[in-house]
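# Per-entry structural report
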Amino acid sequence: MRTEWAGLLQSLPRSSFAATGARVDDLLRSGEDVINLCQGNPDLPTPAHIVEALRTEVLDPVTHRYPPFSGLLELKNAISAWYARHHGVRLDPETEVAILFGAKAGLVEISQCFLNPGDVCLMPDPAFPDYWAGVILARARMHPLPLRRSNGFLPEYDCLDPAVCERAKLMFLNYPNNPTSATAPREFYEDTVRFAARHNVIVASDFAYGALGLDGQLPVSFLETEGAKEVGVEFISLSKTFNMAGWRIGAVVGHRDVIAAINLLQEHYYVSLPPFIQRAAIAALTGPQDAVRQLAKTYERRRDVLLDGLEGSAWSLDTPRSVFAWLPIPPGRGGSVAFADELLSRAHVAVAPGRWFGEHGEGYVRVSLLAPEDRLAEVARRMADLPIPATTTPHHAPQHDPHHAPQHDPHHSPNHSTKGTLS
Ligand SMILES: Cc1ncc(COP(=O)(O)O)c(C=O)c1O
């Protein structure tokens, strides 16, 4: 039997998070007190009324049958009502909403739907790494949109090569941002709509953290901007909003052609999601929202514990507005992959090195706030106390890190284009 993988599959990156997870498990098995803040996996349970709804729905035999191919209309109604209530955005449930196996599935599918081999996709850098897979599967190319702290981690459209803009067909955006935790102001989305309309680019706005407004500030949805629905779509997720990451449910809303394309692709992959999950999602979206507000407060308290704990240490950071803290690595600590490695080996704290999210993530680590306050206080203590090693590489020096496999890196992918190299 010949079992060598098809070239396309071989070109997909392996998850760096899985490798760190395995190291954490090894350390835990050997009795170490490891605190794992590497992944973005919510640590708190789904609110009881949603679990109760699932219990009830799964007893109804109708939910044991195949659902309609594109999902339950009642759920699409609930999603459009949620957008109207929270963002004043009007959506036609039948044509402008598609249900997803988590936002992640749609964020991969959209590239498969619209990119042909050689097409260009504008990719924030740093970015949530899952976007890369769809671009690789479409044999398309990525062009980086650097997100710099000096510009509030927003892309600078004016700095883009006009030739690249003309070749670009799709672009990803994500605010509140993973990994930087930055949020986007309304004016940025106005610029985005103008940019996308001028260059005929489809905007894929990832709003997975959009419902968790910290400090009483509900994040702005891209779709609130006039003209947004004519140039793109937005992805939402129930994973973080309702601690439902394991339930695998999200949605994409907006431009009807994009929705139709994603629905067609999904018709061939799945017959929509289990109906009892879809019905429980209706309960989540239409039921009481106190748990969402409480969750935001919980993250605020956790963030403040981390900030207070690091105060006066070598660490400095902007106030995170999401479930991640994006920490610039203090001088003298080496590159992000080596530093995260050191933090795990010496302080038993697992964080995600910025380099995993792209070239411009170098010099940072991402710390998730997905642990109780006492554990975050302990993390801050351990990080502040970490002695500076005698010999280190400055974090801005070129990295040759053995722990960073090149296949995780979009900039080392043969599909990735850099400015001036577009053929
Ligand atoms: C920015 C971002 N988008 C999308 C997702 C995936 O969401 P879902 O669980 O709905 O697939 C995540 C999950 O961590 C994320 O961080």
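About the thresholds
Residues numbered from 1 in each chain as written. Predicted model: local features only at pLDDT ≥ 70, side-chain atom pairs only at ≥ 80, totals over all residues. Heavy atoms only, no water. Helix = DSSP H or I, 4+ residues; strand = E, 2+ residues; numbered from the N terminus. Rg over C-alpha atoms; globule rule 2.2 N^0.38 Å. Buried < 20%, exposed > 50% of the residue type's maximum accessible area, 1.4 Å probe, protein only. Contact = heavy atoms within 4.5 Å. Areas by Shrake-Rupley, 256 points an atom, 1.4 Å probe, with all protein chains shown as cover. Lys, Arg positive; Asp, Glu negative; His and termini not counted. Charge placed at Lys NZ, Arg CZ, Asp CG, Glu CD. Pairing = 2+ DSSP bridges. Axes fitted to C-alpha atoms, helices over the stretch in contact; angles between N-to-C directions. Core = buried A, V, L, I, M, F, W, Y, C linked by side-chain atoms within 4.5 Å. Near = heavy atom within 4 Å. Polar contact = N/O pair within 3.5 Å; in protein donor to acceptor, adjacent residues only side chain to side chain. Nonpolar A, V, L, I, M, F, W, Y, C, P; charged D, E, K, R; others polar. Left-handed = near helix turned anticlockwise from the far one by under 90°. pLDDT = per-residue confidence, 0-100. Arc of directions from axis to C-beta.

A count of helical and extended segments in the protein chain gives 15 helices and twelve strands. For a compact globule of 423 residues, the expected C-alpha radius of gyration is about 22 Å, and the protein chain comes in at 21 Å, within 12% of that figure. Taking the principal axes of the C-alpha coordinates as reference, the protein chain spans close to 65 × 55 × 55 Å. For the protein chain, buried positions account for 57% of its 423 residues. Expressed as a percentage of contacts within the protein chain between residues at least 6 apart in sequence, the contacts between residues at least 24 apart total 75%. Counting only carbon and sulfur atoms, one obtains 53% of the accessible surface of the protein chain, whose full area is about 18200 Å². A gap of 2 Å separates the mean positions of the 38 positive and 48 negative side-chain charges of the protein chain.

Turning our attention to the environment of L327. Residue position: L327 is located in strand β9 (residues 324–328). Look at L327 and you get buried, because its relative accessible area is 0%. As a C-alpha pair, L327 and L9 span 318 residues in sequence and 34 Å in three-dimensional space. Residues in contact with L327, not counting those within four places in the same chain, are L310, W315, L317, G363, Y364, V365, V367 and M383.

Moving on: the sheet that holds strand β2 (residues 97–100). Strand order across the open sheet formed by seven strands is β2-β8-β7-β6-β5-β3-β4, with mixed pairing between neighbours. Each having just a single partner strand, β2 and β4 (141–146) make up the two edges of the open sheet. With direction set aside, neighbouring strand axes in the sheet form an average angle of 20 degrees. Bridge analysis of β2 against strand β8 (residues 250–254) gives four bridges, and the strand direction is antiparallel. Bridge pairing in β8 places I99 opposite A251.

The next thing to look at is the nonpolar core. One recurring pattern in soluble globular proteins: nonpolar side chains tend to sit buried together. Membership of the largest hydrophobic core comes to 106 residues, with the highest contact counts inside it found for I79, Y83 and I249. Here the element with the most residues in this core is helix α13 (residues 290–310); it accounts for eight residues. Setting aside its immediate chain neighbours within four residues, Y83 contacts G88, V89, L91, F207, S221, L223, E234, I236 and V253. With 28 residues, the next largest nonpolar core counts A98, A127, A204 and I262 among its residues.

On to the site of the ligand, then. Taken together, 14 residues lie near the ligand, and D206, Y209, S237, S239 and R248 sit nearest. At 2.7 Å, a side-chain N or O of K240 approaches an oxygen atom of the ligand. At 2.7 Å from an oxygen atom of the ligand is found a side-chain nitrogen or oxygen belonging to R248. Taken by itself the ligand offers 400 Å² of open surface, and the protein chains cover 93% of this. Mapped by element, the contributors of at least two residues to the shell around the ligand are α5 (102–114) and α10 (238–241). Counting residues per element, the shell around the ligand draws most heavily on α5, at four residues. Taken together, the residues that form the shell around the ligand break down as five nonpolar, five polar and four charged.

Quick reminder: α-helices carry 3.6 residues per turn. Residues three or four places apart thus point the same way. By the criterion of burial, α5 is predominantly enclosed, with ten of the 13 residues buried. Burial in α5 covers these residues: G102, A103, A105, G106, L107, V108, E109, I110, S111 and F114.

This part covers the packing of helix α3 (residues 48–58) against helix α12 (residues 275–286). Following both chains from N to C, one finds α3 and α12 inclined at 145 degrees, their axes separated by 8 Å at the closest point. Every pair of crossing elements has a handedness; the one defined by α3 and α12 is right-handed. Facing H49, I50, A53, L54, E57 and V58 of α3, the residues of α12 in contact are F276, I277, R279, A280, A283 and A284. Each residue belonging to the contact of α3 with α12 can be placed in one class, and the counts come to nine nonpolar, one polar and two charged.

A few words on the confidence of the model for the protein chain. Of the residues in the protein chain, 91% have a pLDDT of 70 or more, and the chain-wide mean is 91. Between residues 391–423, whose pLDDT stays under 50, and residues either more than four places distant or in other chains, the model counts 69 contacts.

What follows deals with α3. Listed as buried for α3 are I50, A53 and E57. The buried residues of α3 occupy an angular sector of 55 degrees when the element is viewed end-on, so they sit on one face. Residues of α3 that are exposed and angled more than 90 degrees away from the buried face: A48, R55 and T56.

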